[in-house]
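# Structural overview
The chain contents come next:
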Amino acid sequence: MNRRTLVLIICVVILAVFAAAAFLYPRVIPPQPSQQAQAPAQVPAEAPNGSNLVRFHSPVFGPAQAPVTIVEFFDPSCEACRAFYPYVKKILAENPNDVRLVLRYVLFHQGSEEVARMLEAARKQNLYPQVLEAVLDAQPDWHDDPRAAAAWAAAEGAGLEVGRARADMHTPSVDAVLETDMQDVKAVGIRGTPTFFVNGHALDKFGPEPLRDLVRSEVAKARN
Amino acid sequence: MSTSSSSGLWSLLLVAWLVALLSSLSALFIGEVMGQAPCVLCWFQRAFMFPLTVILTIACYRSDFAIWRYALPLAGIGAGLALAHTLLYAGLIPLPIQPCTATGPSCSGAGMTIFGGVPLPMLALFAFALIAILLLVIRRRTAP
């Protein structure tokens, strides 16, 4: 066969196969044009409104009256949040009296909502830090699994009463927490997680060290 | 050049082209049909695989073996990127923590595998390397 004819035939056949496969592929996951993606490219500079950052319903680590507040917009199934966790924990441990951490939920991924609800249920059992650490540790196993099976197993290992948690996680109060948090995510213009605010100031550079430096300078300010 | 060696060369070129064509269409299928958004490193690899497909198509059509001069750099750079991505995926080179966004997936995250566990970066590395090797053979055989 002539080479040119062969090249043309291969082109036509392969493109036809591709078109057929694309047509026949079951559309289980429609591409999700998420609302966050369409939001204007807004970089969270100074927080527009303090009340968008700290809410009374949010889980808090550290002393409630601490002069320095870190607000972390946090997605349980985000691997960067997982990678940041030890650093944030260390910052809190270094400043046991001066710094508190407020976690706000950001639900950007499949599985985020399930685990955020589970964490809220764990809060009712006074197991929040334990379950948080367990699910973050197991995150690679449930990442992007909408049912987050491995996260449930890890939480159970940390002592969570799963039956009670499954009942607690769909109460209206938990719905309200997630709803408010996602509204604030939009209001503040969060585009990625984790996003930190220290006493309302955004990080000028993303990374554990800039966060530590900002906390240090805010602690120094508070002491003066 | 004898007809038989020319036809052997052409088969090599044909295989290189088919590898590039299948890789490009697979990338499009995974991205556009299966709806898995490409990460940053995937985009860079696409930027080198797509033009390879186009120029190798023309080279096959015209039996132009001098194409290795143009295609080999593309395949080489693509292989370098795919190697870096594979190492990153395997966790052998560290990556500064990148924030997760609503749209862009991470370069080392889940969903980077196909056929029950073959990592996509490794497939890309294999494709780029195969094309580069075929082009190198063509280069040696066409050398005066």
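All figures in this text were calculated on a predicted structure; none of them were measured in a lab.

Cut-offs applied
- Each chain has its residues counted from 1, following the order in which its sequence is written.
- For this description, chains carry letters from A and ligands carry numbers from 1, given in the order in which they are written.
- Thresholds applied to this predicted model are a pLDDT of at least 70 for local features of residues and 80 or more for the giving and counting of side-chain atom pairs; totals over whole chains, interfaces and linings are not thresholded and use all residues.
- Processing note: side-chain calculations cover all non-hydrogen atoms of the structure and skip hydrogens and water entirely.
- A run of DSSP states H or I qualifies as a helix once it reaches four residues; a run of E qualifies as a strand once it reaches two. Both are numbered from the N-terminal end.
- For every residue, the accessible area (1.4 Å probe, protein chains only) is compared with the maximum for its type, and the residue is labelled buried under 20%, exposed over 50%, or partly exposed between those bounds.
- Note on contacts: a residue pair qualifies if any of its non-hydrogen atoms lie within 4.5 Å across the two residues.
- In these tables, accessible area is a Shrake-Rupley quantity obtained with a 1.4 Å probe, and a residue counts as shielded only by the protein chains included in the view.
- pLDDT is defined as a per-residue confidence score from the predictor, taking values between 0 and 100.
- Here a strand pair is declared whenever DSSP counts at least two bridges between the two strands.
- Think of it this way: Lys and Arg go in the positive column, Asp and Glu in the negative one, and His and the chain ends go nowhere.
- The working definition used for a salt bridge is a side-chain nitrogen of Lys or Arg within 4 Å of a carboxyl oxygen of Asp or Glu.
- Two N or O atoms count as a polar contact when they lie within 3.5 Å, although within protein this holds only if one can serve as hydrogen donor and the other as acceptor, and sequence-adjacent residues are included solely when both atoms are side-chain atoms.
- UniProt positions are given in the numbering used here, feature names are shortened, and annotations may be inferred rather than shown by experiment.
- All axes here are fitted lines through C-alpha atoms, helices being fitted over the stretch that makes contact, and every angle between N-to-C directions spans 0 to 180 degrees.
- Residue polarity is assigned by list, with Asp, Glu, Lys and Arg as charged and Ala, Val, Leu, Ile, Met, Phe, Trp, Tyr, Cys and Pro as nonpolar; anything else, Gly included, falls into the polar class.
- Patch membership is restricted to residues that have no salt bridge and whose relative accessible area is over 30%. Joining uses 9 Å for like charges and 5 Å for the nonpolar side chains Val, Leu, Ile, Met, Phe, Trp and Tyr.

Let's shift gears to the overall build of chain A. The number of helices and strands found in chain A is 11 helices and 6 strands. Here chain A holds 224 residues, and the buried ones make up 46% of them. For chain A, restricting intrachain contacts to residue pairs at least 6 apart in sequence, the fraction spanning at least 24 positions comes to 79%. When the accessible surface of chain A is split by element, carbon and sulfur atoms take 57% of a total near 11500 Å².

In this section: the overall build of chain B. Along chain B, the regular secondary structure elements total 4 helices and 3 strands. Mapped from its N terminus to its C terminus, chain B presents α and β elements in the order α-α-α-β-β-β-α. For chain B, restricting intrachain contacts to residue pairs at least 6 apart in sequence, the fraction spanning at least 24 positions comes to 74%. Accessible surface, chain B: about 7200 Å² in total, of which carbon and sulfur atoms supply 71%.

Our next topic: the confidence of the model for chain A. Residues and elements named next belong to chain A. Scored by pLDDT, chain A has a mean of 82; 88% of the residues are at 70 or more. Looking across chain A, the model is least confident in helix α2 (residues 35-38), with a mean pLDDT of 38, and most confident in helix α1 (residues 3-24), with 91. Low confidence marks residues 29-47, where pLDDT is under 50. Its contacts with residues over four positions away, or in another chain, come to 27 contacts.

Residues and elements named next belong to chain A. The buried count for strand β3 (residues 99-105) comes to 7 of 7 residues, which makes it a mostly enclosed element. The side-chain alternation of β3 yields two buried faces, one formed by V99, L101, L103 and Y105 and the other by R100, V102 and R104. With 2 bridges joining them, strand β1 (residues 60-61) and β3 adopt antiparallel strand pairing. From the neighbouring strand, F61 faces β3, where its bridge partner is L101. Pairing of strand β2 (residues 68-74) with β3 involves 7 bridges; the strand directions are parallel.

A separate point is the side chain of D75(A). Residues and elements named next belong to chain A. Relative to the helices and strands, D75 is located in the loop between β2 and α4 (79-94). It is R82 that comes nearest to the buried, bridge-free D75 among opposite-charge side chains, at 12 Å. A polar atom in the side chain of D75 sits 3.2 Å from the backbone nitrogen of F108. Setting aside residues up to four positions removed in sequence, D75 forms contacts with C81, V106, L107, F108, H109, S112 and T193.

On to the pairing of strand β5 (residues 195-198) of chain A, then. Residue and element names in this part refer to chain A. Here β5 shows a buried face lined by T195 and F197 and a second buried face lined by F196 and V198. Two elements, β2 and β5, share 4 bridges in a ladder whose sense is antiparallel. Within β5, the position partnered with V71 by the bridge is F197. In this structure, β5 lies alongside strand β6 (residues 201-202), joined through 2 bridges in antiparallel fashion. From the neighbouring strand, V198 faces β6, where its bridge partner is H201. Between the end of β5 and the start of β6, which pair antiparallel, lie 2 residues, with N199 showing a positive phi angle near 50°.

Take the UniProt feature "transmembrane region" (unreviewed entry) in chain B next. As recorded in UniProt, the feature "transmembrane region" (unreviewed entry) lies at residues 43-61, 70-92 and 112-138 of chain B. Secondary structure within residues 43-61 of chain B divides into 100% helix and 0% strand; the distance between the first and last C-alpha atoms comes to 27 Å.

So, on to the packing of α1(A) against helix α2 (residues 40-62) of chain B. Contact pair α1(A) / α2(B): the axes reach a minimum separation of 7 Å and the direction vectors enclose 145°. Listed contacts from α2(B) to R4(A), V7(A), L8(A) and C11(A) of α1(A) are T57(B), C60(B), Y61(B) and R62(B). Residue composition of the contact of α1(A) with α2(B), by class: 5 nonpolar, 1 polar and 2 charged.

Once that is clear, we can look at the environment of I77(B). Among the secondary structure elements, I77(B) is positioned in helix α3 (residues 68-89). When the C-alpha atoms of I77(B) and Q45(B) are compared, they prove to be 8.5 Å apart, with 32 residues separating the residues in sequence.

All names here are of chain A. With mixed pairing, the 5 strands of this open sheet are ordered in space as β1-β3-β2-β5-β6. For this open sheet the edge positions go to β1 and β6, each flanked by a neighbour on one side alone. Across the face of the sheet, helix α10 (residues 172-188) comes into contact with β2, β3 and β5 while running at roughly 95° to β3.

Residues and elements named next belong to chain A. On the surface, a cluster of nonpolar side chains totalling about 250 Å² of accessible area is made up of I9, V13 and V17. Structurally, the position occupied by V17 is in helix α1. Judged by its relative accessible area of 53%, V17 falls in the exposed class.

Quick look at the side chain of R212(A) now. All names here are of chain A. Along the chain, R212 turns up in helix α11 (residues 208-223). A polar side-chain atom of R212 sits 3.0 Å from a polar atom in the side chain of E94. Excluding its chain neighbours within four sequence positions, the residues that come into contact with R212 are K90, I91 and E94.

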